[in-house]
Amino acid sequence: MRTSRTATTATTAVMAAAALALTVGGCSSSGGKGSEDRGSAPASAGKAVGTPRLKIAMVTHSGGGDTFWDIVQSGAKQAAAKDNVDFLYSANKEGQQQAQLVQAAIDQKVDGLIVTLAKPEAVKDVVEKAVAAGIPVVTINSGADYSRAVGALGHIGQDEEVAGEAVGDELSRRGRKKALCVLHEQGNVSLEQRCAGVKKTFRGSVENLNVDGTNTPASTSSIEAKLQSAKDIDAVVTLGAPMAAAAVQAKGDAGSSAEIDTFDLNAAVIKQFKAQQIGFAVDQQPYLQGYLAVDELWLNKTNGDVIGGGRPVLTGPAIVTGKDVPTLEKYTARGTR
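Note that this is a predicted model, so its numbers are computed, not measured.

Digging into the packing of helix H10 (residues 267-274) against helix H12 (residues 325-333)
Here H10 crosses H12 at 150°, and the two axes come no closer than 9 Å. Judged on the interaxial angle alone, H12 and H10 are roughly antiparallel. In this structure, H10 meets H12 at a crossing whose hand is left-handed. Of the residues in H12, those in contact with Ala267, Ile270, Phe273 and Lys274 of H10 are Val325, Leu328, Glu329 and Thr332. Per-class residue counts for the contact of H10 with H12 are five nonpolar, one polar and two charged.

So, helix H2 (residues 67-83)
Between the first and last C-alpha of H2 there are 25 Å, a value that for 17 residues agrees with the 24 Å anticipated at 1.5 Å per step. Among the 17 residues of H2, 12 are classified as buried, and the element is accordingly described as predominantly covered. At the N-terminal boundary of H2, the capping side chain belongs to Asp66, with an oxygen 3.0 Å from the backbone nitrogen of Phe68.

Describing the pattern of salt bridges
Scanning all chains against the criterion turns up 17 salt bridges. Ionic pairing is found between Glu160 and Arg194, a salt bridge with its closest N-O pair at 2.8 Å. Of the two residues, Glu160 sits in helix H6 (residues 160-173) while Arg194 sits in helix H7 (residues 189-201), which places them 34 residues apart along the sequence. Grouping residues by exposure puts Glu160 and Arg194 together as buried. A salt bridge links Glu259 to Arg174; the nearest nitrogen and oxygen atoms lie 3.2 Å apart. Pair noted here: Glu259 is in strand E10 (residues 259-263) and Arg174 is in the loop between H6 and strand E7 (178-183), with a separation of 85 residues, a long-range link. Judged by its relative accessible area of 11%, Glu259 is buried.

Things to note about the sheet that holds strand E6 (residues 154-157)
The strand order E3-E2-E4-E5-E6-E12 describes an open sheet built from six strands, whose pairing is parallel. With partners counted over all chains shown, the strands left at the sheet margins are strand E3 (85-91) and strand E12 (313-314), one partner each. Sheet strands in contact with H2 are strand E2 (54-60), E3 and strand E5 (137-140), and its direction is about 160° off that of E3.

So, the environment of Lys301
Residue placement: Lys301 occurs in helix H11 (residues 286-303). Sequence-wise, Lys301 and Gly112 are 189 residues apart; in three dimensions their C-alpha atoms are separated by 8.4 Å. Here Lys301 is in contact with Leu54, Asp111 and Pro136, once residues within four sequence places are set aside.

Calculation notes
- Residues numbered from 1 in each chain as written.
- Predicted model: local features only at pLDDT ≥ 70, side-chain atom pairs only at ≥ 80, totals over all residues.
- Heavy atoms only, no water.
- Axes fitted to C-alpha atoms, helices over the stretch in contact; angles between N-to-C directions.
- Helix = DSSP H or I, 4+ residues; strand = E, 2+ residues; numbered from the N terminus.
- Parallel < 35°, antiparallel > 145°, perpendicular 65-115°, else oblique.
- Left-handed = near helix turned anticlockwise from the far one by under 90°.
- Contact = heavy atoms within 4.5 Å.
- Nonpolar A, V, L, I, M, F, W, Y, C, P; charged D, E, K, R; others polar.
- Expected span 1.5 Å × (residues − 1).
- Buried < 20%, exposed > 50% of the residue type's maximum accessible area, 1.4 Å probe, protein only.
- Polar contact = N/O pair within 3.5 Å; in protein donor to acceptor, adjacent residues only side chain to side chain.
- Salt bridge = Lys/Arg side-chain N within 4 Å of Asp/Glu carboxyl O.
- Pairing = 2+ DSSP bridges.

Distances and angles like these do not, on their own, reveal function.
Structure representation (structure tokens):
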């Protein structure tokens, strides 16, 4: 697993923040699950801390069936269990509907809010409303450039353009000449930044393809059609793990020899690595995004802390290849990577 220099520096900050969170939480802990469970379940932080019960809501832009957000929630729920937090989750891929969900969280008088800014113009006003109401906000995953402007404590995720640049470098290192960058959600600024980053550093050419990530058969057909019409495409970059499977199928149906590479991990991607169907993946550690976001809000409410001093805390990117499978397989199987 390789990280870019930018990501490596930020990862140090993430590790320090996680260590602080675990130290504070551990003061009221009285043990965890037995050692026999530790190989198949996320590390337990023990019983909940003795701080007052908090209610924290997470509102994301997730579409149906995106396993990435299952991993984010897994991390958030683990931190919530440790921090004596009532964790609420809701999502909608449409910006206006996501804004309505944020308003619903405000109406519930939550103690903290975690939100994605994939479509910042649609949700920024209501996020600012939450801040004005005295609700601390942490943004995650998408929209780091807009986080400070809406009044958030900070942003947790990867720098999307830096991640794209890492992909462009890797494609060049592998000798690829023409890449197809598959955007599975139109209007998502983070996905656009990823493809822009690929174009910035890739020594070959890049073409973008918009598909509907919530309609896998249609997405597969779109990728297949592009591979059939452009035989010189020798790399397909998908921007989410679920879309990698569609690209693998499309490649086979089109009779293409293009390498399939993807952003994000899940158990299916690990299987595709083992079957040599994927060249590399970009890991942004979604479990950490959920865990640290809940922990930051708890720390802020109980100790006045702000992780990273208000600056973005990066959780990626790291380039993962087949040689990393033995290390990561058990973690993806339990839904934490």
